[in-house]
Amino acid sequence: MKRLSEQLNLPVEIAAKKILGAVIERSVNGHVLRARIVEVEAYHQSDAASHSVTGPSGRAKTMFESAGKLYVYLSYGIHFCCNITVGKLGEGAGVLIRAVEPLAGESIMMINRRGISGRNITNGPGKVGQALGIDRTFDGHDLEQAPIKLFLDDQLPDDEIVQSTRVGISKAVDTPWRFYIKHNPYVSKL
DNA sequence: GATAAGATTAACT
DNA sequence: GTTAATCTTATCC
């Protein structure tokens, strides 16, 4: 297995398609939570909607690290959202995890989500962070190390991927950098 | 030093 | 459909 930093040293929209369908594994208190990434969005420093547009200052500095790191930011003061950095060192690029499909440890995720279950458990970026117990202390974490690991699989065939515009932004709204898996109930918005 | 806006969610009416 | 919750950065005094 090649290093993540090599595998994800790609243009953001290519890396986003590669991360779609990958599996993220989170260990906590002897339990293993595993989930498949079913919805992502790409962000880049050349993109007005990205946190990294202002340069490697403040919260987005992690996006300028080499690929395969975790960038966690606080959304609306309440929600923790998870990104995977891509591209090369010094390039402010990342892929936001918008939704995942639980594969293992769903009962633990349910506890983290205060009893909410069903497809509402992880069908949104803030929900993913909460279900997996990720907060800002994991900002900059290397995704080849415990307790949070990323496993890339073969890229999905194009006919399983839907490409569209991003959600919840007010700038660069026409940039089609949102990717999700067809016919998956955990995708936040179809 | 102060203020406005934001890659959102859940609980209301 | 509307609104409150709540904190960080950027942008202006």
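Above this text you will find the structure in question.
Chains are numbered independently. Their residues run from 1 in the order of the written sequence. Lettering of chains starts at A and numbering of ligands starts at 1, both following the order in which they are written. Per-residue local features of the predicted model are confined to residues with pLDDT of at least 70, and side-chain atom pairs are confined, for both listing and counting, to 80 or more; whole-chain, interface and lining totals are unaffected and use all residues. Side-chain numbers here rest on the full set of heavy atoms in the structure, without hydrogens or water.

(A) Spotlight on the nonpolar core. Among the nonpolar cores identified, the biggest contains 46 residues, and Leu8, Ile19 and Leu150 are the most heavily contacted of them. The leading source of residues in this core is strand β2 (residues 31–44), at six residues. Residue contacts are defined here by distance: any two heavy atoms, one from each residue, within 4.5 Å place the two residues in contact. Not counting the four nearest positions on each side in its chain, Leu8 is found in contact with Ala15, Ile19, Ala67, Gly68, Ile84, Thr85, Val86, Gly87, Leu150 and Leu152. Nonpolar cores were defined as sets of buried Ala, Val, Leu, Ile, Met, Phe, Trp, Tyr and Cys residues, with membership established by side-chain atoms within 4.5 Å. Any residue under 20% of the maximum accessible area for its type is buried, any over 50% is exposed, and the rest in between are partly exposed; the area is computed with a 1.4 Å probe on protein chains only. Listed in part, the nine residues of the second largest apolar core include Ala49, Ala60, Phe64 and Leu96. Comment: elements are numbered from the N terminus, with helices defined as DSSP H or I runs of at least four residues and strands as E runs of at least two.

(B) Up close: the side chain of Ser52. Tracing the chain through its elements places Ser52 in the loop between β2 and β3 (70–75). Take Ser52: its relative accessible area is 1%, and that puts it in the buried class.

(C) Quick look at the protein's contact with DNA strand B. Any residue with at least one heavy atom within 4 Å of a molecule or strand is counted as near it. The local shell around DNA strand B holds 21 residues, among which Tyr73, His79, Asn83, Arg113 and Gly168 are the closest. The protein-proximal atoms of DNA strand B, defined as those within 4 Å of the protein, are 60% sugar or phosphate. Here a base nitrogen of DNA strand B and a side-chain polar atom of Tyr73 are 3.1 Å apart. Put simply, the parts of the chain that give the surface near DNA strand B at least two residues each are β3, β4 (79–85), β5 (93–104) and α4 (125–131). Any pair of nitrogen or oxygen atoms within 3.5 Å is treated as a polar contact; in protein, a donor-acceptor pairing is required on top of that, and neighbouring residues in sequence qualify only through side-chain atoms on both sides.

(D) Summary view of the pattern of salt bridges. A side-chain nitrogen of Lys or Arg and a carboxyl oxygen of Asp or Glu constitute a salt bridge if their distance falls within 4 Å. Considering all chains together, one arrives at eight salt bridges under this definition. One salt bridge in this structure joins Arg3 and Glu144, with 3.6 Å as the shortest N-O distance. Here the residue Arg3 occupies a position in the segment before α1 (4–7), and Glu144 occupies one in the loop between α4 and β6 (148–151), the gap between them amounting to 141 residues. Among the ionic pairs, Asp47 bridges to Arg166, the shortest N-O distance being 2.6 Å.

(E) Geometry of the protein's contact with DNA strand C. Every residue lining DNA strand C is accounted for by Thr54, Ser57, Arg59, Leu74, Tyr76, Gly77, Ile78 and Arg136. Sugar and phosphate atoms represent 55% of those atoms of DNA strand C found within 4 Å of the protein. Between Tyr76 and DNA strand C, the recorded distance is 2.7 Å, taken from a backbone N or O atom to a base oxygen. We call Asp, Glu, Lys and Arg charged. Ala, Val, Leu, Ile, Met, Phe, Trp, Tyr, Cys and Pro are nonpolar, and the rest, Gly among them, are polar. Its residues assigned to classes, the surface near DNA strand C comprises three nonpolar, three polar and two charged.

(F) Quick peek at unusual backbone geometry. With an omega of 5°, the peptide bond between Ala146 and Pro147 qualifies as cis. Among the structural elements, Pro147 can be located in the loop between α4 and β6. Residue Tyr76 is not a glycine yet carries a positive backbone phi of 55°. Relative to the helices and strands, Tyr76 resides in the loop between β3 and β4. For His183, which is not glycine, the phi dihedral falls at a positive 55°.

(G) Seen up close, the pairing of β3. Buried residues dominate β3, accounting for five of its six residues. Pairing between strands is defined by DSSP: at least two bridges between the two strands are required. Hairpin connection of β3 to β4: three residues between the antiparallel strands, including Tyr76 at a positive phi of 55°.

(H) View of helix α2 (residues 12–19). Every buried residue of α2 is listed here: Val12, Ala15, Ala16, Lys17 and Ile19. Buried residues in α2 make contact with β2, β4, β5, β7 (161–164) and β8 (178–181). Note on α2: the residue one or two positions beyond its end, Gly21, has a positive phi of about 95°.

(I) Spatial organisation of the environment of Thr165. Tracing the backbone shows Thr165 in the loop between β7 and β8. For the pair Thr165 and Pro176, spaced 11 residues apart in sequence, the C-alpha to C-alpha distance is 4.0 Å. Ignoring sequence-local partners within four residues, the contact set of Thr165 consists of Val173, Asp174, Thr175, Pro176 and Arg178.

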